[in-house]
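# Survey of secondary and tertiary structure
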Amino acid sequence: MRPLDEKETTAVFEKLFKFTGNNLKNIVESSSHEGVDENAGCYCFRLQKNKVYYVSEALVKRATNIERDKLVSLGTCIGKFTKGGSFHLTIQCLNLLAVNAKHKVWLKPTSEMSFLYGNHVLKGGLGRITENTTAGDGVVVFSMSDVPLGFGIAAKSTQDCRKLDPNGIVVLHQADIGEYLRMEDDL
């Protein structure tokens, strides 16, 4: 497990910024409450086998006692680098994104299952959307009872959604909590 280099850090922060905006500093500067030490430190990003982990510095110090090849996971896996070098967020980072999300979408109960099966969000299933969302922004998808269901990319802006027909795509699916069942061997 090693720290991210400059190129990797840039890729991770650009992807997180797409979803959190200026709230990214809350993720980076968040203080850790793990361990018996009063000064447990902050959270940091570490790379292990092309997967990026969000982990407290205290846990990283304790993990140095474990051999690299025997270390399976540490902290929260927030994403992975592909063989081509691009960075993709995984569903495990949903809790981190939900707390710090800049743009949010709430689904009607009738369309929650469709999203959880991996389908895009249609206008007919849209309950609410935050103002000032533009096409291409990262959005976190919630149920009407504020349970985070997943995340995706806004296909239309807030203003365009108002005049869109009910079968128009509003959010392009990227990840949802149904992946824990559909892809349990890969996670």
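Residues numbered from 1 in each chain as written. Predicted model: local features only at pLDDT ≥ 70, side-chain atom pairs only at ≥ 80, totals over all residues. Heavy atoms only, no water.

## Comments concerning the nonpolar core
Threshold: We define a nonpolar core as any set of buried Ala, Val, Leu, Ile, Met, Phe, Trp, Tyr and Cys residues linked to one another through side-chain atoms lying within 4.5 Å. Each residue's exposure class comes from its accessible area (1.4 Å probe, protein chains only) as a fraction of the maximum for that residue type: buried when under 20%, exposed when over 50%, partly exposed otherwise. Each helix is a run of DSSP H or I of at least 4 residues and each strand a run of E of at least 2, with the numbering of both proceeding from the N terminus. Working rule for contacts: check all heavy atoms of both residues, and any pair within 4.5 Å makes them a contact.
With 27 residues, the main nonpolar core has Val-12, Phe-45, Val-52, Ile-78 and Phe-151 as its most contacted residues. Among the elements that make up this core, the one with the highest residue count is helix 4 (residues 94–100) (4 residues). Apart from residues lying up to four places away in sequence, Val-12 is in contact with Leu-4, Phe-45, Val-52, Ile-78, Phe-81 and Phe-87. Counting 15 residues, the second largest nonpolar core, distinct from the first, contains Val-105, Ala-154, Cys-161 and Leu-164.

## A word on a nonpolar patch on the surface
Rules: The patch calculation keeps residues exceeding 30% relative accessible area without a salt bridge and links them within 9 Å when they carry like charges or within 5 Å when they are nonpolar (Val, Leu, Ile, Met, Phe, Trp, Tyr). For every accessible area listed, the method is Shrake-Rupley and the probe measures 1.4 Å; residues are considered covered only by the protein chains on display. Throughout this description, the term salt bridge denotes a Lys or Arg side-chain nitrogen within 4 Å of a carboxyl oxygen of Asp or Glu.
Residues Leu-122, Ile-169 and Leu-172 make up a contiguous nonpolar surface patch of about 200 Å² in total accessible area. In this fold, Leu-172 is placed in strand 11 (residues 169–176).

## Brief notes about unusual backbone geometry
Positive phi outside glycine occurs at Lys-49, with the angle close to 55°. Tracing the backbone through its elements, the reader meets Lys-49 in the loop between strand 2 (43–48) and strand 3 (51–56). The exposure class assigned to Lys-49 is exposed, which follows from its relative accessible area of 62%. At Asn-132, a position not held by glycine, the phi torsion is positive, near 65°. As for its position among the elements, Asn-132 is in the loop between strand 8 (126–129) and strand 9 (138–143).

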